[in-house]
Amino acid sequence: MSSLKFGTSGLRGLVTDLVGGPSYAYASAFFRSVSADDTHRAVVIGRDLRDSSPAIAATVAEAAAAAGFTAIDCGALPTPALALEAMRRGAYAVMVTGSHIPEDRNGLKFYRPDGEITKADEVAILAALTDIPASGERPAAASATPEPDAITRYQQRYAAAFAPDILKGLRIAVYQQSSVARDLLSDLLAAFGAQVTPIGRSQVFVPIDTEAHRPEDIAFIRDVMAPGSFDALVTTDGDADRPLVADGNGRILRGDVLGLITARYLGADTVVVPVTAGSALEQAGGFRTVVRTKVGSPFVIAGMEQAKAAGARTVAGFEANGGFLLGSDVTRDGKTLPALPTRDAMLPILATLAAARAAGLPLADLVSALDAGDMASDRLPNTPSETSGAFLARLRDADFRAAFLRPIGSPDSIDEQDGIRIGLDGGRTIHFRASGNAPELRCYAEAKSAQDAQDLVRWGLAAAAAALAKA
């Protein structure tokens, strides 16, 4: 059985299940699903730095040519840069990336000329999927027209929207690893006045997860920041649509806190977030409206569209992984930043650092002033979706839920919008959901202190593993 499936953001699966015929078949299905559009007949193609990505991108170009689309090769660049180029051209887009998942996996992200595909579009692609062709049954390779300037236009988007000194004097470590934005990020921060030190460049793919942090990443960041030489450390996941920011003490800031700071910095009145974001948004965010959705950028985008239709003035969306979606044009100090309704890592990195500098505060103090409580998250790897689903189904049973949670407290509220989010006494929450991108059971917790949140997550994963073993 193939591992390929649509998750919270595009198609994902094992490289061995994707290269060759399968990537050709899924790309062809995408082009068939939009074949009625006679106006837009070009597709921009991008990729991350995984070893498997160039070959898969070339196969997507073959499928585009066979479907009558002009293929434009934008090379290795961030996913939001490719989306921006697609919107500029009025073209479709396919990004070859597995985002944060390990290198033995990869994926495809599909875009329409107006932005990310919807869940309805995913259904249409699957409906258009036919038999996977063998290599000898596919048309001869077709070359794509190179477009080397898409990443430059993405950088110029921010240069035109913010003053050149917003980061002046800040000492920033840029953890380059294998992020497709590793050079762009260093250049962009330096252009805004920061003193940038690139570190940790890697020739092999590093699966940086900006939400469920690996112990080795936590240790590396702590060691880098220990001497006190930097005000912050920044990096992104593989395709640079999710940021990671650590303060001067080496503590990684939560993704929803980055989103909260960024939305405030931009003056948003309405924010759209998944259920995994912290409750501080309602309690202390200062926003007129907070909309909650299922996990995944398509759901956040749909929520932003609904908010705008309801009359919201400035709409932004963000996720617990830090990805920020700008749903409305924003004007600050006479400079306008156009909407970009897809996950982006550059904007929350820039805005968070700029907000700290403008306030004259270290990042740690800026976050402390938010009184956002603490959250933690982690995952149980190698847990197939069927196994996670069976466990979540048991949690929906009130008697099992009460017995399962007895060691940590009493449930007082339930949210089943995406997985099972359970409110506990003492203002705590614990949330279990199956990952949409990988065979993982994820656990999230919210509490008054970081230690309590981490303890909840550790307990949750251990208890879930025990329950799975008995099933």
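Just so we're clear, the structure is a prediction, and the values are computed from it rather than from any experiment. (Residues numbered from 1 in each chain as written. Predicted model: local features only at pLDDT ≥ 70, side-chain atom pairs only at ≥ 80, totals over all residues. Heavy atoms only, no water.)

1. A look at helix 11 (residues 297–309)
Just so we agree on the cut-off: Secondary structure elements are taken from DSSP: a helix is a run of H or I of four residues or more, a strand is a run of E of two residues or more, and numbering for both begins at the N terminus. Here, expected helix span is obtained from the residue count minus one, scaled by 1.5 Å. Each residue's exposure class comes from its accessible area (1.4 Å probe, protein chains only) as a fraction of the maximum for that residue type: buried when under 20%, exposed when over 50%, partly exposed otherwise.
Between its terminal C-alpha atoms helix 11 stretches 18 Å, which fits the 18 Å expected from 13 residues at 1.5 Å a residue. Listed as buried for helix 11 are Ser-297, Pro-298, Val-300, Ile-301, Gly-303, Met-304 and Ala-307. Backbone geometry just after helix 11 places Gly-311 at a positive phi near 105°.

2. With respect to the pattern of salt bridges
Heads up, the rule is: Any Lys or Arg side-chain nitrogen located within 4 Å of an Asp or Glu carboxyl oxygen qualifies as a salt bridge.
Per the stated rule, a full pass over the model turns up 34 salt bridges. For the salt bridge of Asp-418 with Arg-433, the shortest nitrogen-to-oxygen distance reads 3.4 Å. Separated by 15 residues along the polypeptide, Asp-418 in the loop between strand 21 (411–415) and strand 22 (420–424) and Arg-433 in strand 23 (residues 428–434) bring together distant segments of the chain. For Arg-433, a relative accessible area of 5% translates into the label buried. Through salt bridges that share partners, Asp-209, Glu-211, Asp-237, Arg-242, Arg-379, Glu-440 and Arg-442 make up one connected network.

3. Some points on the packing of aromatic side chains
Just so we agree on the cut-off: Side-chain rings of Phe, Tyr and Trp (the six-membered ring for Trp) are treated as a pair once their centres are within 6.5 Å; stacked means planes under 30 degrees apart, edge-to-face means over 60, and tilted covers the remaining angles.
Summed over all chains, the structure comprises 16 aromatic pairs. Centroid distance Phe-69 to Tyr-92: 6.0 Å. Interplanar angle 80°. Geometry classified as edge-to-face. Taken together, the positions of Phe-69 in the loop between helix 3 (53–66) and strand 4 (70–76) and Tyr-92 in strand 5 (residues 92–96) put the pair 23 residues apart, joining distant regions of the chain. Across this residue pair, the class does not change: Phe-69 and Tyr-92 are buried. Taken together, a centroid distance of 4.6 Å and an interplanar angle of 35° make the contact between Tyr-175 and Phe-220 tilted. Placement of Tyr-175 in strand 9 (residues 171–177) and of Phe-220 in helix 8 (residues 215–225) is noted, with a sequence separation of 45 residues between them.

4. A short note on the UniProt feature "domain: Alpha-D-phosphohexomutase alpha/beta/alpha" (unreviewed entry) in the protein
Counted only if it meets this: UniProt positions are given in the numbering used here, feature names are shortened, and annotations may be inferred rather than shown by experiment.
Residues annotated in UniProt with the feature "domain: Alpha-D-phosphohexomutase alpha/beta/alpha" (unreviewed entry) correspond here to residues 4–130, 154–250 and 255–369. Secondary structure within residues 4–130 divides into 41% helix and 27% strand; the distance between the first and last C-alpha atoms comes to 14 Å. The span residues 154–250 is 28% helical and 24% strand by assignment, and the distance between its end C-alpha atoms comes to 29 Å.

5. Focus on the nonpolar core
Note the threshold: Put simply, buried Ala, Val, Leu, Ile, Met, Phe, Trp, Tyr and Cys residues joined by side-chain atoms within 4.5 Å make one nonpolar core. When checking whether two residues touch, look at their non-hydrogen atoms; a contact exists if any pair is within 4.5 Å.
Tyr-158, Phe-162, Leu-167, Ile-172, Leu-189, Val-234 and Leu-353 are the most contacted members of the largest nonpolar core, which has 72 residues in total. Ranked by the residues each element gives to this core, the list is headed by helix 12 (residues 346–359), at 9 residues. Other than its neighbours up to four places away in sequence, Leu-167 contacts Leu-189, Phe-192, Gly-193, Ala-194, Leu-350, Leu-353, Ala-354 and Arg-357. Within the second largest apolar cluster, 29 residues are counted, among which are Leu-4, Ala-27, Ala-64 and Ile-125.

6. Observations concerning the layout of surface pockets
Operational definition: As defined here, a cavity is a set of points on a 1 Å grid over the protein atoms alone where a 1.4 Å probe fits but cannot get out. A pocket is an open set with protein on both sides within 12 Å along at least five of seven lines, and residues line them when an atom is within 4 Å of a point. Grid points are joined across faces, edges and corners, and a volume is the space filled by probe spheres set on the points.
Counted as a void, the largest pocket has a volume near 1,000 Å³. Taken together, 34 residues line the largest pocket, and the ones lying closest to its centre are Arg-251, Ile-252, Arg-254, Met-375 and Gln-454. If you list the elements that add at least two residues to the lining of the largest pocket, you get helix 8, helix 9 (255–266), helix 13 (363–370), strand 20 (374–380) and helix 16 (450–470).

7. Some details on the sheet that holds strand 11 (residues 232–236)
Let me state the cut-off plainly: Pairing between strands is defined by DSSP: at least two bridges between the two strands are required. Orientation is described by axes fitted as lines to C-alpha atoms, over the contacting stretch for helices, and by angles from 0 to 180 degrees between their N-to-C directions.
Here we have 4 strands laid out as an open sheet, ordered 10-9-11-12, and mixed in their pairing. Single-partner strands in this sheet number two, and they are strand 10 (195–201) and strand 12 (243–246). Across the sheet, the axes of successive neighbouring strands diverge by a mean angle of 25°, strand direction being ignored. Sheet topology places strand 9 next to strand 11; 3 bridges connect them, and they run parallel. Paired with Val-174 across the strands is Val-234, a residue of strand 11. Where helix 7 (residues 182–191) meets the sheet, it contacts strand 9, strand 10 and strand 11, and its direction lies at approximately 170° from that of strand 9. Across the sheet, helix 12 is in contact with strand 9, strand 11 and strand 12; its angle to strand 11 comes to roughly 170°.

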